[in-house]
Amino acid sequence: MIQRYIELTQPASVPMMSKRYFFKTLFLFFYCILFRKPKYFTGGLHSNDHLNQFQCQKYSTASLALRSDLSSKTLMFSVEGALLKSSSLFPYFMLVAFEAGSFLRAFVLLLLYPFICLVSEETGLRIMVMVCFFGIKKESFRVGSSVLPKFFLEDVGLEIFNQVLRRGVRKVSVSELPLVMIESFLKDYLEIDVVVGRDLKVFHGYFVGLMEEEEKNIIGLEEILRENKAVGTNIIGINGLHKVHGHHQLFSQHCKEIYLVDKADKRSWQNLPREKYPRPLIFHDGRLVLLPTPLNALALFVWVPFGFVLSISRLLISLSLPTDISNPLNAFLGMHLTAPTMTKTPHSLYSNTSKEFIHKSKGILYACNHKTLLDPIFLSVILKSSSLRGVSYSLSRVSEMLSPIKTVRLTRNRDQDARTIESLLNQGDMFICPEGTTCRESYLLRFSPLFAELAEEIVPVAIDSHVTMLYGTTAGGLKCLDPFFFLMNPAPSYTVQFLEKVSGSCTYLNGEKSKFDVANHVQGEIGKALGFECTKLTRKDKYVILAGNEGIVSRK
């Protein structure tokens, strides 16, 4: 009887209203996840009573920068609340999952993102740590020193760091992130004295995906402050207004004054420019170009299947078709290859009639800076020469087989490499990358002078490349996949610029120039053409920093 009454009294439009309500709720749910900052990343607003019990004071960073006594103070700051502009930690864990884990691990983390947004801050953090670190070998984990510093530096606020933190006599950072993710970034690049983060539990040399309790960090901080002779009355705390609950015990116990940074202050900050970095970022590793925010990560996973097909198509076109046909087809598929206009044509540039040179008995040596393993291929395309030969360090067998021109592996034995280069020059033109390895940033590594000692005619070639999604180089990954990752980008570009030729040291019969002078001159000319800074760093320095080895690739 009651059931019949309900059926008679219920309006007929309720089912339609229920469907509309369901879809509206579902739309608002995904809108909040994708475009609004979730609970985990922002935290709730705290009442004035909650702030007052920690004696916090809300000041803008501009008023803090006006203080004249910062040079005698120890500054304790929150990395997430007071240093980084973004309040989201998800992209940095996505980097760990992708670079230290696998494609599948990163995809699982992306699927868990809606659930992470709905749980508490501490629970969401523990979920991401478990997904990203479980089963990762501790000794081989180098993402914190080779990948993450680049993305952290791009998110640092100029005003808070340059006008406030750099003026402190000592700088103490406190973070909710695992210590292995932030220690290298803070100490090596921002010159922070003390770094306090969460330690990860290890079992038989592998991370188990669990973090140590925060009480251990408090005890460790007290010992560190005691070792650094930091007096409690001289410590100024800088925390985020919405992160005050994160490390309130640390700040309240050690800081007499606590400044809170509001989200409005962060929005007005500028990004720390590269020239303001305390230490320049020359080397970094990893495949991802953009910070993998949820939307960027989703776009990456959607693009990868299409990018894989596109890379195979570009590769087959380049290997199977003549240059006159493959170049327009690759341009149609989004690959851009440009050669700026030169004052001389390539043929007149390399003629033998110049009085500066003695009679030519060897081929021309093209000395290039190194961007990717595809450098010689694009160089041969522009020269329209398939007889060009090249030498390279750390050449994988897959890259050797895919290369349409003859490439020879160097051994780093000076006498043996000299005989190899001499033999190739006697056969015809060749290219060499005197840096010995790639460098992604606008720097040139030291040029080995061996090429200047053996060549008669040297043509400096300035090469630059640009990608938007995936890097085509790696120090710790599989080098055989470098060409595929480069070709998977939607619109990769290459710029090859030929410079005025110079004579090698062997052509100077009276010894006017040494091989070192010639090598430095070639490096300087390429640096001027590209706007790059010349350094004395070597390939060994790069691989020791990024991969913990000397960059040797075994033939096996």
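Predicted, not measured: the structure shown is a model, and the values here were computed from it.

J.: Outline the pairing of strand 2 (residues 74–78), supporting the account with residue identities and numerical values.
T.: With 5 of 5 residues buried, strand 2 is to be regarded as a mostly interior element. On strand 2, burial covers both faces: T74, M76 and S78 on one face and L75 and F77 on the other are all buried. Examined bridge by bridge, strand 2 and strand 3 (residues 170–178) share 5 bridges and lie parallel to one another. Bridge pairing in strand 3 places L75 opposite K171. Pairing of strand 2 with strand 7 (residues 235–240) involves 4 bridges; the strand directions are parallel. What sits directly across from T74, in strand 7, is I235.

J.: I'd like to hear about the side chain of R314, residue by residue, with values.
T.: Structurally, R314 is set in helix 18 (residues 294–320). D375 provides the closest opposite charge to the buried, unpaired R314, separated from it by 15 Å. Within the local environment of R314, its side chain forms a polar contact with the backbone oxygen of L487, the two atoms lying 2.6 Å apart. Residues contacting R314, with those up to four places away along its chain left out, are N330, L333, G334, M335, L487, N489, P490 and P492.

J.: Which residues make up empty space enclosed by the protein, and what values do they have?
T.: Enumeration according to the criterion identifies 2 cavities of 30 Å³ or more in this entry. In this model, the largest cavity occupies a volume close to 80 Å³.

J.: So what's going on with helix 14 (residues 179–189)? Which residues, and what values?
T.: Among all positions of helix 14, only L179, M181, I182, S184, F185, L186 and Y189 are buried. E191, located one to two residues past helix 14, shows a positive phi value of around 55 degrees.

J.: Describe the pairing of strand 3, with residues and values.
T.: For strand 3, a buried count of 8 out of 9 residues is recorded, marking the element as mostly surrounded by other parts of the structure. Across 4 bridges, the pairing between strand 3 and strand 4 (residues 194–198) is parallel. If you follow V174 over to strand 4, its bridge partner there is V196.

J.: Provide a residue-level description of the environment of M128, including the pertinent values.
T.: Residue position: M128 is located in helix 10 (residues 121–133). Considering only alpha carbons, one finds M128 and A97, 31 residues apart in sequence, at a separation of 9.1 Å.

J.: Go over the UniProt feature "transmembrane region" (unreviewed entry) in the protein chain with me, naming the residues and quoting the values.
T.: Under the present numbering, the feature "transmembrane region" (unreviewed entry) in UniProt falls on residues 21–38, 92–119 and 297–317. End C-alpha to end C-alpha, residues 92–119 measures 19 Å, and it is 89% helix and 0% strand.

J.: Give me the nonpolar core: which residues, what numbers.
T.: Grouped together as the largest cluster of nonpolar side chains are 76 residues, with contacts concentrated most on L83, F93, L109 and F133. Contacts of L83, omitting those with residues within four sequence positions, involve F77, S78, D155, V156, G157, I160, F161, L165, F185, L186, L190 and W269. Counting residues in hydrophobic clusters, the runner-up holds 28 residues, among them I421, L444, F451 and V522.

J.: Lay out the packing of helix 7 (residues 90–101) against helix 10 with the relevant residues and their values.
T.: One can describe the packing of helix 7 onto helix 10 by two numbers: an axis separation of 8 Å at closest approach and a directional angle of 15 degrees. Here helix 7 is positioned roughly parallel relative to helix 10, judged by the angle of their axes. Remark: the crossing between helix 7 and helix 10 carries left-handed chirality. Contact residues: helix 7 offers F90, F93, V96 and A97, while helix 10 offers L125, M128, V129, C132 and F133. Within the contact of helix 7 with helix 10, the residues separate by chemical class into 9 nonpolar, no polar and no charged.

J.: Describe helix 21 (residues 375–383), naming the residues involved and giving the relevant values.
T.: Side chains that are three or four residues apart share a direction in an α-helix, a result of its 3.6 residues per turn. Summarising burial for helix 21: 8 of the 9 residues are buried, a large majority. Residues of helix 21 that are buried include every one of D375, P376, I377, F378, L379, S380, V381 and L383, and no others. The first or second residue beyond helix 21 is K384, which carries a positive phi of 55 degrees.

J.: Let's hear about the pattern of salt bridges: which residues, and what values?
T.: Applying the stated criterion across every chain yields a total of 14 salt bridges. With its nearest N and O atoms 3.1 Å apart, the salt bridge here joins R198 to E122. Of the two residues, R198 is situated in strand 4 and E122 in helix 10; the sequence distance between them amounts to 76 residues. Between E453 and K515 there is a salt bridge, with its nearest N and O atoms 3.4 Å apart. In this pair, E453 sits in helix 24 (residues 450–454) while K515 sits in helix 26 (residues 515–530), placing the two residues 62 residues apart along the sequence. Linked through salt bridges whose partners overlap, the residues forming this network are K150, E154, R274 and E441.

Parameters at a glance
- Residues numbered from 1 in each chain as written.
- Predicted model: local features only at pLDDT ≥ 70, side-chain atom pairs only at ≥ 80, totals over all residues.
- Heavy atoms only, no water.
- Buried < 20%, exposed > 50% of the residue type's maximum accessible area, 1.4 Å probe, protein only.
- Helix = DSSP H or I, 4+ residues; strand = E, 2+ residues; numbered from the N terminus.
- Pairing = 2+ DSSP bridges.
- Lys, Arg positive; Asp, Glu negative; His and termini not counted.
- Salt bridge = Lys/Arg side-chain N within 4 Å of Asp/Glu carboxyl O.
- Polar contact = N/O pair within 3.5 Å; in protein donor to acceptor, adjacent residues only side chain to side chain.
- Contact = heavy atoms within 4.5 Å.
- 1 Å grid on protein atoms, 1.4 Å probe; cavity = no way out; pocket = protein on both sides within 12 Å on 5 of 7 lines; lining within 4 Å.
- Points joined across faces, edges and corners; volume = space filled by probe spheres on them.
- UniProt positions renumbered as here; feature names shortened; annotations may be inferred.
- Core = buried A, V, L, I, M, F, W, Y, C linked by side-chain atoms within 4.5 Å.
- Axes fitted to C-alpha atoms, helices over the stretch in contact; angles between N-to-C directions.
- Parallel < 35°, antiparallel > 145°, perpendicular 65-115°, else oblique.
- Left-handed = near helix turned anticlockwise from the far one by under 90°.
- Nonpolar A, V, L, I, M, F, W, Y, C, P; charged D, E, K, R; others polar.

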